[in-house]
Every structure is written in structure tokens, then in C-alpha cells.
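Report on the structure
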Amino acid sequence: MMTLNEALKNGPVSVFFTKIDGTDRQMLCTQKVDLIPTEHQPHNTEYKQSSDVTRVYDLDVKGWRSFRNLSVKTWIEV
């Protein structure tokens, strides 16, 4: 079974999580560089990983966002 971080590197993932303010959010996101517009691509291919927070590109909002790993309720590859 693939981990969330592996799935994010492979393509779009729908992540359902609880925001810091207590509201739930579903986000279609990725870390796959090919799916990120050129002007938003990271300057290097290495993401600064944290054990607490995951940084992703939100495909709907078209911008970088993050979520706390412990707040993730479920996720699915799209």
C-alpha cells in the first residue's frame, strides 16, 4: 500500500483533513512537478519535509498549501 507522501509525488490526491480552526476541508493536491504550473514549480525538486506538516500544491486554488499530518482523516488517489 502506498503512503500519502508517495501518492502525492505520483499524482493528484484528494485529502480530507481538519484545519487548525476546527473546520473540515477536502483538498485536491499534489507534489508531482509535472502537474504544477511552471510559474509555481519549486526551484529544486526536494521538498522541505517536516514530520508534522506536509506542503502540497492545491490544484483547485492553484497555490501552495499545507496541512498537519495528524489532522488527515482520509485520502484517495485521483
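This text follows the structure it describes.
Now for a look at the structure at hand. (Residues numbered from 1 in each chain as written. Predicted model: local features only at pLDDT ≥ 70, side-chain atom pairs only at ≥ 80, totals over all residues. Heavy atoms only, no water.)

Within the element layout of this structure, P12 appears in the loop between α1 (4-10) and β1 (13-18). A sequence separation of 47 residues divides P12 from L59, and the C-alpha atoms of the two residues are 8.1 Å apart. Setting aside its immediate chain neighbours within four residues, P12 contacts L28, C29, T30, L35, L59, E77 and V78. (Helix = DSSP H or I, 4+ residues; strand = E, 2+ residues; numbered from the N terminus. Contact = heavy atoms within 4.5 Å.)

Think of a sheet as strands paired side by side through backbone hydrogen bonds, with each pair either parallel or antiparallel. Spatially, five strands are ordered β4-β3-β2-β1-β5 in an open sheet, and the strand pairing comes out antiparallel. The strands lining the two open edges of the sheet, one partner per strand, are β4 (63-68) and β5 (72-77). Each strand of the sheet is rotated relative to its neighbour by a mean of 35°, with strand direction disregarded. In terms of strand pairing, strand β3 (residues 53-58) meets β4 through six bridges, oriented antiparallel. The residue of β4 that forms the bridge with Y57 is W64. (Pairing = 2+ DSSP bridges. Axes fitted to C-alpha atoms, helices over the stretch in contact; angles between N-to-C directions.)

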